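Letter by letter, the chains look like this.
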Amino acid sequence: MILKPTIKRSLENKFAAQPQAKLGAGSPTGRLEACMDRVITHIRQMIEYLLMFSLLMMVVINFADVTGRHLFNHPIFGIQDLTEHLMAVVVFCGLPLVTMAGTHLTVDLFDKLTQSSGMRWWKQVITLLMTVILCLISWTFLQSALEAHSIADVSPELRLPRAPLYLLMACSAVLSALGLLYISYYPSAKAQANLPSSSGGEL
């Protein structure tokens with residue numbers, strides 16, 4: 001909740017504010033860039049709505065559970081299963097949003113070294129490494145989803161299926177990897193990115 005305004009401002013700087021006069025806007029490349037910007041904006045908005053809805057539901061059901069437990073001695077059955085699934089949805093909806101906004105936590109111990117002209121390649125290496133790691137995370141969750149589907153894995157109380165949750169995690173990691181490549185290498189994303197030289201939350 002604390003990072004939400006920062007993430008939203010960063011995302012709006014990247015994708016929402018389109019320049020009026022865009023170089024080569026009538027060319028096929030310009031139309032492709034505009035189309036990609038619209039698609040990414042729609043995807044970002046859908047993820048935001050899902051995150052907000054999941055967070056709202058988690059607050060409501062926990063409030064109802066605490067009220068019922070202490071006032072009526074009747075807690076909500078399966079509250080642990082619901083909270084567990086909703087928390088996973090919130091976390092993995094936030095992952096692509098934070099990645100596309102460039103607001104992951106960073107440590108600025110070596111900024112003077114890595115921002116020199118001779119170390120520009122370092123950022124490209126880190127971007128590719130992060131992309132590979134996110135793809136590996138996605139592959140791991142995809143394997144877990146297939147396994148959970150094959151054995152009909154469910155939660156202990158409400159017997160909610162695990163496979164869709166693992167599939168959501170896999171999709172989140174894939175979107176994060178694609179978003180990272182987009183903001184790092186796509187010309188329009190670079191032009192719209194209005195972030196400080198050391199983006200993210202610094203430590």
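Rules and cut-offs
- Residues numbered from 1 in each chain as written.
- Predicted model: local features only at pLDDT ≥ 70, side-chain atom pairs only at ≥ 80, totals over all residues.
- Heavy atoms only, no water.
- Phe/Tyr/Trp six-rings, centres within 6.5 Å; stacked < 30°, edge-to-face > 60°.
- Helix = DSSP H or I, 4+ residues; strand = E, 2+ residues; numbered from the N terminus.
- Buried < 20%, exposed > 50% of the residue type's maximum accessible area, 1.4 Å probe, protein only.
- Salt bridge = Lys/Arg side-chain N within 4 Å of Asp/Glu carboxyl O.
- Axes fitted to C-alpha atoms, helices over the stretch in contact; angles between N-to-C directions.
- Parallel < 35°, antiparallel > 145°, perpendicular 65-115°, else oblique.
- Left-handed = near helix turned anticlockwise from the far one by under 90°.
- Nonpolar A, V, L, I, M, F, W, Y, C, P; charged D, E, K, R; others polar.
- Patch = residues over 30% accessible without salt bridge, like charges linked within 9 Å, V, L, I, M, F, W, Y side chains within 5 Å.
- Areas by Shrake-Rupley, 256 points an atom, 1.4 Å probe, with all protein chains shown as cover.
- pLDDT = per-residue confidence, 0-100.
- Contact = heavy atoms within 4.5 Å.
- Expected span 1.5 Å × (residues − 1).

Pairs of aromatic rings are described using the distance from one ring centre to the other and the angle between the two planes. Counted according to the given criterion, the structure contains two aromatic pairs. Taking 5.4 Å as the distance between ring centres and 85 degrees as the angle between the ring planes, the aromatic pair formed by Phe92 and Phe141 counts as edge-to-face. Of the two residues, Phe92 is situated in helix H3 (residues 79-101) and Phe141 in helix H5 (residues 120-150); the sequence distance between them amounts to 49 residues. Among the residues examined, Phe92 registers a relative accessible area of 17% and is labelled buried.

Attention shifts here to the pattern of salt bridges. Scanning the model with the defined rule gives three salt bridges in all. Between Glu48 and Arg44 there is a salt bridge whose closest N-O contact spans 3.4 Å. Placement of the pair is Glu48 and Arg44 together in helix H2 (residues 28-71), with a separation of four residues, close to one helical turn. Exposure remark for Glu48: the relative accessible area of 6% places this residue in the buried category.

Take the packing of H5 against helix H6 (residues 163-185) next. Contact pair H5 / H6: the axes reach a minimum separation of 7 Å and the direction vectors enclose 165 degrees. On the basis of the axis angle, H5 is roughly antiparallel to H6. Every pair of crossing elements has a handedness; the one defined by H5 and H6 is left-handed. In terms of residue class, the contact of H5 with H6 is built from 20 nonpolar, eight polar and no charged.

A separate point is a nonpolar patch on the surface. Residues Val107, Leu109, Phe110 and Leu113 make up a contiguous nonpolar surface patch of about 450 Å² in total accessible area. With respect to the element layout, Phe110 can be found in the loop between H3 and helix H4 (111-114). On the basis of relative accessible area, Phe110 is assigned to the exposed category, the value being 55%.

Summing up the model confidence of the chain, the mean pLDDT is 81 and the portion of residues at 70 or higher is 77%. Mean pLDDT in the chain bottoms out at helix H1 (residues 4-16), which sits at 53, and peaks at H3, which reaches 93. Low pLDDT (under 50) marks residues 15-24, which in the prediction has 18 contacts with non-local residues, meaning those over four places away or in another chain. Note on residues 193-199: pLDDT under 50 across the span, and 13 contacts to partners over four residues away in sequence or across chains.

Taking 1.5 Å per residue as the helical rise, H3 with its 23 residues ought to reach 33 Å, and the 32 Å between its terminal C-alpha atoms agrees with that figure. Remark: Gly102 follows H3 within two positions and exhibits a positive phi of approximately 70 degrees.

A word on the side chain of Asp65. Looking at the element boundaries, Asp65 is found in helix H2. Judged by relative accessible area, Asp65 falls into the buried class, the value being 5%. Apart from the residues within four sequence positions on either side, Asp65 is in contact with Pro75, Ile76 and Ile79.

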